[in-house]
Number of protein chains: 2
Amino acid sequence: MLENIDFEILHKDSSTNGRITRFKTGHGILETPVFMPVGTCATVKSCTVEQLYDIDITILLSNTYHLYLQPGDEIIKEAGGLHTFMNWNRMILTDSGGFQIFSLSDMNKIHTNGVEFKSFRDGSKHFFTPEKVISIQNNLNSDIIMPLDVCTEYGTKPDVMKSSTNTTLRWAKQCKEAMKENSHQILFGIIQGGFTRQGREECMEQLQEIGFPGFSIGSLSVGEPRDIYEDITAHIAPKISNGPVYLMGVGDPYKILKGISHGVDMFDCVLPTRIARNRTLFTHDGKITLTNKKYERDFTPVEKNCTCYTCRNYSKAYLRHLYKANEMLASTLGSIHNIHFLKTMVDGAKNAIKDGTYRKYMNSFIDQYEEGDKLRKSNLR
Amino acid sequence: MLENIDFEILHKDSSTNGRITRFKTGHGILETPVFMPVGTCATVKSCTVEQLYDIDITILLSNTYHLYLQPGDEIIKEAGGLHTFMNWNRMILTDSGGFQIFSLSDMNKIHTNGVEFKSFRDGSKHFFTPEKVISIQNNLNSDIIMPLDVCTEYGTKPDVMKSSTNTTLRWAKQCKEAMKENSHQILFGIIQGGFTRQGREECMEQLQEIGFPGFSIGSLSVGEPRDIYEDITAHIAPKISNGPVYLMGVGDPYKILKGISHGVDMFDCVLPTRIARNRTLFTHDGKITLTNKKYERDFTPVEKNCTCYTCRNYSKAYLRHLYKANEMLASTLGSIHNIHFLKTMVDGAKNAIKDGTYRKYMNSFIDQYEEGDKLRKSNLR
């Protein structure tokens, strides 16, 4: 496996633990902080790859669990790998399927050597071992891959948590051993360990011992209180200086910005595309719901200074109409705007880190955003 | 209204009544024969305007009935017209709503001065007069517009047909009178008259007397036998030499090609986008159903010489996967291919007319297409 990824920390913010890093992958250099849109089934829902290139997206996430079930990783291998299959020539990260097994499947049962689960598609039974998960991701030929892990919920009992973390660690080691020596794929370690500083720290230290070029933080932002989320991120991320830190499944503007302040480098989430399909768009003043009657004759763009394709060409009134008429184009235009919003927000973060003004940038962004969201929730937006 | 549209017949095919014409509109010169994709609700379903520009689509059709109900023509007027509202800077034709009133609405009742109907959206009651339909289309500010007409089904009794045609003619006159003198919009007359040569011919003659810059043929391809469809088209279209002839709602490759051979200039249909959403794509060898198991590992494009975006970048295996996974991108990529297919077919017709070889082109295209479709229906495709 690719162990030497030439990881470099280019800038450190003077006001927070925020940082700019870069490292090499099989499809170019990844610069962080970065938000990765999710293309669950080898497509970012309702978007073409050109629409994503246009936003200057450099890396996508795709889901091992979904691709294994449909169309099957062997087919993607025959197609020449996921990049060729889906016509995406930039970087791809795939997850291990762990999260989906524990959240989507009707049944899942952890065994010593892997996890048994039922497909969410047709109820068929499957078994993932650490080696199987690596083999699937080898077939996908994504650039950054994840080891099989055990995902835990907030509220899991300490003894279950302990044994889950041990399983995650054992599987991480097995995954590393399963990697081919000449592979160009980068395997991250996934930090589990529950919702305590100590549990997380122990897991991280053991992963460091096994040795990985990068580290993911898993099972956070899964329903625990915001202060616990924040405390763990703030405690763990700054301890990792020898590789990129990826906070899995986080896409809320607040959490991304806080994560960056603690030294998190990579984020992914279905949020921007999912809420876009559900008629909700990001603005600097919080989220807005496009089907609101007040936009019926609003011929201005979603955000007047936004440079995305949607805002350059379409009005709120048009988007509202598309949503009301259940037109697919609404999802496309909404997703473009929402992905562009997060991309631009993270670019702004990067610039602020360079200037050493990240704390100010973050606080001002969050204040404006949350103030707007509060107003919306009180039905004024 | 715009009466002098500088209509010219540029070429006449020597082997059929096929012809190349052109005329001017408020958004440029329209060259025919032409296929117009349908953007029912101010969007060609699942496609951006750039994707349509890329196929070199010059004119879209949009539906008065739908736009009147949602978002409402007054809103589109306030937006600056349909072109601005939907961000389309080429030509737009709108229909009169007649077809939708008679096919979509739960209730419709013809009165002397118009037609009463219930909205297919919410059951609310509405009343269209000839003047109202012109006023709506004035608000939309489309380039080519249609008068209110009475649509009839195959099998309508002669006396009902007679009175329907008379109503259509009276309304056509009223619509013409309702046009503003300085308008840049072009109003066509709609030829009704049922499923006999005589009925159609009489209607056409009376429309010619009223005087229109172009003529539509309505209520054809509505379930009547193919030979009746063909006989009427063959009889009526060649009689019109003083303006473009538009055969409403026709999008099947066979019928378009036959129509062109009789001198029809313009076609529209939801077919290419509708079947694309339903996993069916056009090929020169007939339609194929992408979810077919045989495409699971077919890494070739839908058609190997096709120059559309979809065929240049994606395999049948990828499209099949998207359809199986219910991904919206399937509809987008499928629609692009199908619209491109018809556009290219009509471009080929134009070239053949120039060369005086249209009959050969048409027969060879239809033979290959129908042979393939026959094979498919016998489950071999």
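What counts, and at which threshold
- Residues numbered from 1 in each chain as written.
- Chains lettered and ligands numbered in written order.
- Predicted model: local features only at pLDDT ≥ 70, side-chain atom pairs only at ≥ 80, totals over all residues.
- Helix = DSSP H or I, 4+ residues; strand = E, 2+ residues; numbered from the N terminus.
- Contact = placed C-beta atoms within 7 Å.
- Nonpolar A, V, L, I, M, F, W, Y, C, P; charged D, E, K, R; others polar.
- Domains from an automatic or database assignment.
- Expected span 1.5 Å × (residues − 1).
- Buried ≥ 20, exposed ≤ 12 C-beta atoms within 10 Å, placed from the backbone.
- Arc of directions from axis to C-beta.
- Pairing = 2+ DSSP bridges.
- Axes fitted to C-alpha atoms, helices over the stretch in contact; angles between N-to-C directions.
- Least-squares fit on C-alpha atoms with pLDDT ≥ 70 in both.
- Parallel < 35°, antiparallel > 145°, perpendicular 65-115°, else oblique.
- Left-handed = near helix turned anticlockwise from the far one by under 90°.
- pLDDT = per-residue confidence, 0-100.

Here the focus is the overall build of chain A. For chain A, the count of helices and strands is 15 helices and 17 strands. For the C-alpha atoms alone, the extent of chain A along its principal axes is close to 60 × 45 × 40 Å. Partitioning the contacts of chain A with sequence separation of at least 6, the portion at a separation of at least 24 is 67%.

What follows is about the interface of chain A and chain B. Taken together, the contacts link 31 residues of chain A with 31 residues of chain B. Partitioned by chemical class, the residues of the side of chain A that touches chain B number 15 nonpolar, 10 polar and 6 charged.

Residue and element names in this part refer to chain A. Segmentation of chain A into domains returns domain 1 (8-269) and domain 2 (276-377). In this assembly, 27 residues from domain 1 lie in contact with 28 residues from domain 2. Contributing elements (two or more residues each) for the side of domain 1 that touches domain 2: β2 (19-25), β4 (34-37), α1 (49-54) and α10 (253-261).

As a further point, take helix α15 (residues 358-377) of chain A. One turn of an α-helix holds 3.6 residues; hence residues three or four places apart share an orientation. All names here are of chain A. In this model α15 runs 28 Å from its N-terminal to its C-terminal C-alpha over 20 residues, within 8% of the 28 Å that 1.5 Å per residue would give. Three or more residues of α15 are buried, namely Y358, Y361, M362 and Y369. When α15 is viewed along its axis, its buried side chains cluster within an angular range of 90° and face the same direction. Residues D367, E371 and K374 are exposed on α15 and point more than 90 degrees away from its buried face. Where α15 is buried, its residues meet α10 and α14 (328-355).

Residue and element names in this part refer to chain B. Taken in spatial order, the 3 strands make up an open sheet running β7-β8-β9, and their pairing is antiparallel. The open sheet has two free edges, formed respectively by β7 (108-111) and β9 (125-128), since each of these has just one partner strand. Across the sheet, the axes of successive neighbouring strands diverge by a mean angle of 20°, strand direction being ignored. Here 4 bridges tie β7 to strand β8 (residues 114-118), and the two strands are oriented antiparallel to one another. Within β8, the residue paired with N108 across the bridge is F117.

What follows is about the relation of the copies chain A and chain B. The two chain copies are connected by a rotation around an axis plus a translation along it. When chain A is fitted to chain B, the residual RMSD is 0.0 Å, and the transformation amounts to a turn of 180° plus an axial shift of 0.0 Å. Both copies are brought into coincidence by an operation consistent with a two-fold rotation axis. Within chain A, M328 of chain A has its C-alpha nearest the rotation axis, a separation of 3.7 Å.

Moving on, we come to the environment of K176 of chain B. Residue and element names in this part refer to chain B. Take K176: it is sitting in helix α7 (residues 158-178). The partly exposed category is assigned to K176, around which 19 C-beta atoms lie within 10 Å. When the C-alpha positions of K176 and D54 are compared, they lie 36 Å apart, and in sequence the two are 122 residues distant.

Further remarks concern helix α8 (residues 197-210) of chain B. Residue and element names in this part refer to chain B. The terminal C-alpha atoms of α8 lie 20 Å apart, and with 14 residues this matches the ideal 20 Å at 1.5 Å per residue to within 8%. Looking only at α8, the buried set comprises G199, R200, C203, M204 and L207. All buried residues of α8 lie within an arc of 125° about the axis, which places them on one face of the element. α8 presents Q198, E205 and E209 as exposed residues on the side facing more than 90 degrees away from its buried surface. Buried positions along α8 lie against α7, β12 (189-191), β13 (215-217) and α9 (226-236).

Residues and elements named next belong to chain B. Within the open sheet, the 5 strands sit side by side as β4-β15-β14-β13-β12. Their pairing is parallel. One side of each edge strand has no neighbouring strand; the edge strands of this open sheet are β4 (34-37) and β12. For this sheet the average axis-to-axis angle between neighbouring strands, irrespective of direction, equals 25°. One ladder, built from 3 bridges, connects β12 with β13; its direction is parallel. Note on β13: the bridge partner recorded for I190 is S216. Sitting on the sheet, α8 is in contact with β12 and β13, with an inclination near 170° to β12.

Moving on: the packing of helix α6 (residues 130-140) of chain B against α7 of chain B. Residues and elements named next belong to chain B. Closest axis-to-axis distance for the α6/α7 pair is 8 Å, and the angle between their directions is 45°. Between α6 and α7, the interaxial angle falls into the category oblique. The hand of the α6/α7 crossing is right-handed. For the pair formed by α6 and α7, the contact residues are P130, E131, V133 and I134 on the first element and W171, Q174, C175 and A178 on the second. Of the residues contributing to the contact of α6 with α7, the split by class is 6 nonpolar, 1 polar and 1 charged.

What follows covers the pairing of strand β1 (residues 8-12) of chain B. Residues and elements named next belong to chain B. Alignment of β1 against strand β2 (residues 19-25), held across 4 bridges, turns out to be antiparallel. Each residue of the ladder has a partner; that of E8, found in β2, is R22. Between β1 and the antiparallel strand that follows it, β2, lie 6 residues.

All names here are of chain A. Mapping L333 onto the fold places it in helix α14. Between the C-alpha atom of L333 and that of L322, which follows or precedes it by 11 residues, the distance is 9.7 Å. Dropping the residues within four chain positions of it, L333 is found in contact with T310, Y314 and L319.

Overall, the predicted model of chain A reaches an average pLDDT of 96, with 99% of residues at or above 70. On the interface metric, ipTM, the complex scores 0.97, and its pTM is 0.97.

A word on the environment of D6 of chain B. All names here are of chain B. Counting through the fold element by element, D6 comes out in the segment before β1. Of the residues examined, D6 has 10 C-beta atoms within 10 Å and is grouped as exposed. Ignoring anything within four residues of it in the chain, the contact list for D6 reads F23 and K24.

Let us look at unusual backbone geometry. The omega torsion across T32 of chain A and P33 of chain A is 5°, close enough to zero to call that bond cis. Tracing the backbone shows P33 of chain A in the loop between β3 (28-32) and β4. Cis geometry is adopted by the peptide bond preceding P71 of chain B, which originates at Q70 of chain B and carries an omega value of 5°. Summarising the element assignment, P71 of chain B is placed in the loop between α2 (64-69) and α3 (73-79). Unusually for a residue other than glycine, D56 of chain A sits at a positive phi of about 70°. By the secondary structure assignment, D56 of chain A is in the loop between α1 and β5 (59-62). Owing to 11 C-beta atoms within 10 Å, D56 of chain A belongs among the exposed residues under this scheme. Its identity as a non-glycine residue notwithstanding, N326 of chain B has a phi of 55°, on the positive side.

All names here are of chain A. Running from N to C, helix α7 (residues 158-178) and helix α8 (residues 197-210) cross one another at 15°; their axes reach a closest spacing of 10 Å. Comparing the axis directions of α7 and α8 gives the class roughly parallel. For the pair α7 and α8, the crossing hand works out as right-handed. Touching M161, T165, L169, A172, K173 and K176 of α7 are G199, C203, Q206, L207 and I210, all from α8. Across the contact of α7 with α8, the residue classes break down as 6 nonpolar, 3 polar and 2 charged.

All right, on to the pairing of strand β3 (residues 28-32) of chain B then. Across 5 bridges, β2 of chain B lies against β3 of chain B in antiparallel orientation. Across the sheet, residue F23 of chain B finds its bridge partner in β3 of chain B, namely L30 of chain B.

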